[in-house]
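Here is how the chains run, residue by residue.
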Amino acid sequence: EVQVPASAFEVTGSRSHGHVQAVAEAMKKLGFDRLLGPEKGRLKQVVKTLVAARILEPASKLSTASALDHSTLAETFDVQGVTEDGLYEAMDWLLERQPQIEKRLAKRHLEPCGLVLYDLTSSYVEGAKCPLATRGYSRDGKPQKLQVNFGILTDEMGRPIAVDVYEGRTADSATVRDQLVKVRSTFGLEQVVFVGDRGMLAQTVIEEMKEQDQGFEWITALKSGSLRKLRAEGSLQMDLFDERNIFEFKSDLYPGERLVACRNPALAVRRARKRIEMIEATMDALRGIQKSVEEGRLVDSGKIGVRVGRVINKYKMAKHIDLDIGEGCLGFAVNEDSVEEESSLDGLYVVRTSVPAEAIERDDVVRSYKRLTKVERDFRSMKASGLEVRPIFHRTEPRVRAHIFLCMLAQYVQW
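Since the structure is predicted, the reported quantities are computational estimates derived from the model, not experimental observations. (Residues numbered from 1 in each chain as written. Predicted model: local features only at pLDDT ≥ 70, side-chain atom pairs only at ≥ 80, totals over all residues. Heavy atoms only, no water.)

Draft legend 1. Highlighting the nonpolar core. Membership of the largest hydrophobic core comes to 96 residues, with the highest contact counts inside it found for Val51, Leu94, Phe150, Phe187, Ile219, Ile404 and Leu409. The element best represented in this core is helix 16 (residues 397-414), accounting for eleven residues. Among residues more than four places away in sequence, those in contact with Leu94 are Leu36, Val47, Ile101, Ala402, Phe405, Leu406 and Leu409. By size, the runner-up hydrophobic cluster in this structure holds 17 residues, among which are Ala281, Leu286, Val311 and Leu330. (Core = buried A, V, L, I, M, F, W, Y, C linked by side-chain atoms within 4.5 Å. Buried < 20%, exposed > 50% of the residue type's maximum accessible area, 1.4 Å probe, protein only. Helix = DSSP H or I, 4+ residues; strand = E, 2+ residues; numbered from the N terminus. Contact = heavy atoms within 4.5 Å.)

And the structure:
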């Protein structure tokens, strides 16, 4: 046996492989090749490379093409020498096949009469060339940026099935109709239980679903204003929480529906603490304005009102603050009755559903609604903890759609 010292060797290059193999094996076990369709060819392999690269090292298409030599990714999927233009061509290929791919995902994971979860989020866009990019409610905390919205449809486990991209100013509820059509017409499911949050399944959408009688049931929750109406009506009785933190009731305000009231003590504590912090911040800011008024630096009642309005709008505490504004004067105080009324609903939420009791019992109605946290987990993974769907640099509508669909497929692989 001949012993050769390590010093006799010179390392001229090294490329990582283990992480590439792990992702490739995961895609193989998922049947990802079959998911993309029966076609063979280089573009299909490039799409698989793009999905793997999005999981391993998300970057721009130029950076992805440049970094292929740093690992065995190109060899693993047999796409050596692919360029940035080749990656863009593969994105176009993928977008053309999105409807068929989503149908295959639905066939794999959605069941008749099963749960379908849906939620919407946004992603900000760099530049001003994309026609989809508009100003709207920013979930990224960047209101100064243009954005697009995208909604993800999942199975009951939160496994992504389909994604649709909308202009950044599109309202949540306006996107639901597309999903109902997709589930019924594209996926061929006549009966499902559609689960969406309180902003998604607005009353107008629910009324349309009832009128059209599509065979869809639904689960959502009521907004805080509706809770106050239920309490005033007398159907939402707080003393029913004495024994358990959940009970089912009915109301003439929601005929033919089941309502399930739940109370979360930990959430109640958090909301009470948050309200106190916001009221204190509002009062501190108002005291600063009041000092300017008292010192004669701010006299005009209109200008005082503008300054006060900025503070009130910033902290959203107008309902809890009584104001007295005049020429050269500003008075304010906390409305304790308003605070007490709102605090009585802290930690309380009401789930509403059209599903009959013989199909889903009370506790499972609540559990089904809470499954929306699984879609939120998908959003976090796509946006903040790995796949980096944002910011979006693409300028054309098709490329933006392809980019987001690509990230959804990457989330499916690593789900």
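Read on, since the account is not over.
Draft legend 2. Representation of a nonpolar patch on the surface within the structure. Nonpolar side chains collect at one region of the surface, where Val2, Val4 and Phe9 lie side by side and expose about 350 Å² of accessible area between them. Turning to its location among the elements, Phe9 is positioned in the segment before helix 1 (18-29). The exposed category is assigned to Phe9, whose relative accessible area is 60%. (Patch = residues over 30% accessible without salt bridge, like charges linked within 9 Å, V, L, I, M, F, W, Y side chains within 5 Å. Areas by Shrake-Rupley, 256 points an atom, 1.4 Å probe, with all protein chains shown as cover. Salt bridge = Lys/Arg side-chain N within 4 Å of Asp/Glu carboxyl O.)

Draft legend 3. Representation of the side chain of Asp378. Among the structural elements, Asp378 can be located in helix 15 (residues 372-383). For the buried Asp378, no salt bridge is present, and the opposite-charge side chain at shortest range is Arg377, 4.2 Å distant. For Asp378, the residues in contact, after removing those within four places along its chain, are Thr154, Gly158, Pro160, Gln411 and Trp415. (Lys, Arg positive; Asp, Glu negative; His and termini not counted.)

Draft legend 4. Seen up close, helix 8 (residues 176-186). Those residues of helix 8 that fall on the buried side of the exposure criterion are Val176, Gln179, Leu180, Lys182 and Val183. The arc that holds the buried residues of helix 8, viewed along the axis, is 160 degrees, so those residues lie on one side. Gly188 sits one or two positions beyond helix 8 and adopts a positive phi of about 70 degrees. (Arc of directions from axis to C-beta.)

Draft legend 5. Expanded view of the pairing of strand 2 (residues 146-154). Burial analysis of strand 2 places nine of its nine residues in the buried class, which makes it a mostly covered element. Burial along strand 2 is two-sided: Leu146, Val148, Phe150, Ile152 and Thr154 facing one way and Gln147, Asn149, Gly151 and Leu153 facing the other are all buried. In terms of strand pairing, strand 1 (residues 115-125) meets strand 2 through nine bridges, oriented antiparallel. For Asp119, the partnering residue across the bridge sits in strand 2 and is Ile152. Looking at chain direction, strand 2 and strand 3 (residues 160-167) are connected through seven bridges and run antiparallel. Opposite Leu153, over in strand 3, you have Ala162 as the bridge partner. (Pairing = 2+ DSSP bridges.)

Draft legend 6. Local environment of the sheet that holds strand 6 (residues 246-249). Taking strand neighbours across the sheet as the criterion, the eight strands line up as 3-2-1-4-5-10-7-6 in an open arrangement whose pairing is mixed. In the strand order of this sheet, the two ends are held by strand 3 and strand 6, each with one partner. Strand-to-strand twist of the sheet, defined as the mean angle between neighbouring strand axes without regard to direction, takes the value 20 degrees. Of the strands in this sheet, strand 1, strand 2, strand 3 and strand 4 (193-195) are in contact with helix 8, which crosses strand 3 at around 145 degrees. Packed on one face of the sheet, helix 9 (residues 203-212) meets strand 5 (217-221) and strand 10 (348-353) and runs near 165 degrees to strand 5. (Axes fitted to C-alpha atoms, helices over the stretch in contact; angles between N-to-C directions.)

Draft legend 7. Spotlight on the packing of aromatic side chains. Taken as a whole, this structure holds three aromatic pairs when the rule is applied. With 6.1 Å between their ring centres and 40 degrees between their planes, Tyr118 and Phe194 make a pair best called tilted. Of this pair, Tyr118 sits in strand 1 while Phe194 is found in strand 4, placing the two residues 76 residues apart along the sequence. Assigned by exposure class, Tyr118 and Phe194 land together as buried. Above the plane of the ring of Trp415 lies Arg159, whose end atom (NZ or CZ) is 4.4 Å from the centre. (Phe/Tyr/Trp six-rings, centres within 6.5 Å; stacked < 30°, edge-to-face > 60°. Lys NZ or Arg CZ within 6 Å of the ring centre and 35° of its normal.)

Draft legend 8. Summary view of the packing of helix 6 (residues 84-96) against helix 7 (residues 98-109). Running from amino to carboxyl end, helix 6 crosses helix 7 at an angle of 60 degrees, the nearest separation of the two axes being 4 Å. Comparing their axes, helix 7 and helix 6 come out oblique. Between helix 6 and helix 7, the contacting residues are Leu94, Leu95 and Glu96 on the first element and Gln98, Pro99, Gln100 and Ile101 on the second. Of the residues that constitute the contact of helix 6 with helix 7, the class distribution is four nonpolar, two polar and one charged. (Parallel < 35°, antiparallel > 145°, perpendicular 65-115°, else oblique. Nonpolar A, V, L, I, M, F, W, Y, C, P; charged D, E, K, R; others polar.)

Draft legend 9. Up close: the pairing of strand 7 (residues 258-263). Taking burial as the measure, the six residues of strand 7 include five buried ones, the bulk of the element. Pairing geometry for strand 6 and strand 7, over four bridges, is antiparallel. For Phe247, the partnering residue across the bridge sits in strand 7 and is Ala261. Bridge count between strand 7 and strand 10: six bridges; the pairing is antiparallel. Following the sheet pairing, Arg258 is matched in strand 10 by Thr353.

Draft legend 10. Spotlight on helix 7. Relative to the 16 Å expected for twelve residues at 1.5 Å per residue, helix 7 spans 16 Å between its end C-alpha atoms, a close match to the ideal helical length. Inspection of helix 7 places Gln98, Ile101, Glu102, Leu105 and Ala106 among the buried residues, and these make up the whole buried set. All buried residues of helix 7 fall inside an arc of 140 degrees around its axis, so they share one side. Buried residues along helix 7 sit against helix 2 (32-36), helix 6, strand 3, helix 8 and helix 16. (Expected span 1.5 Å × (residues − 1).)

Draft legend 11. Highlighting empty space enclosed by the protein. Across all of its chains, the model carries one cavity of 30 Å³ or more by this definition. Lining of the largest cavity is provided by Leu50, Ala53, Arg54, Glu57, Pro58, Ala59, Lys61, Thr64 and Leu406. Secondary structure elements with two or more residues in the lining of the largest cavity: helix 3 (42-56) and helix 4 (61-67). (1 Å grid on protein atoms, 1.4 Å probe; cavity = no way out; pocket = protein on both sides within 12 Å on 5 of 7 lines; lining within 4 Å. Points joined across faces, edges and corners; volume = space filled by probe spheres on them.)

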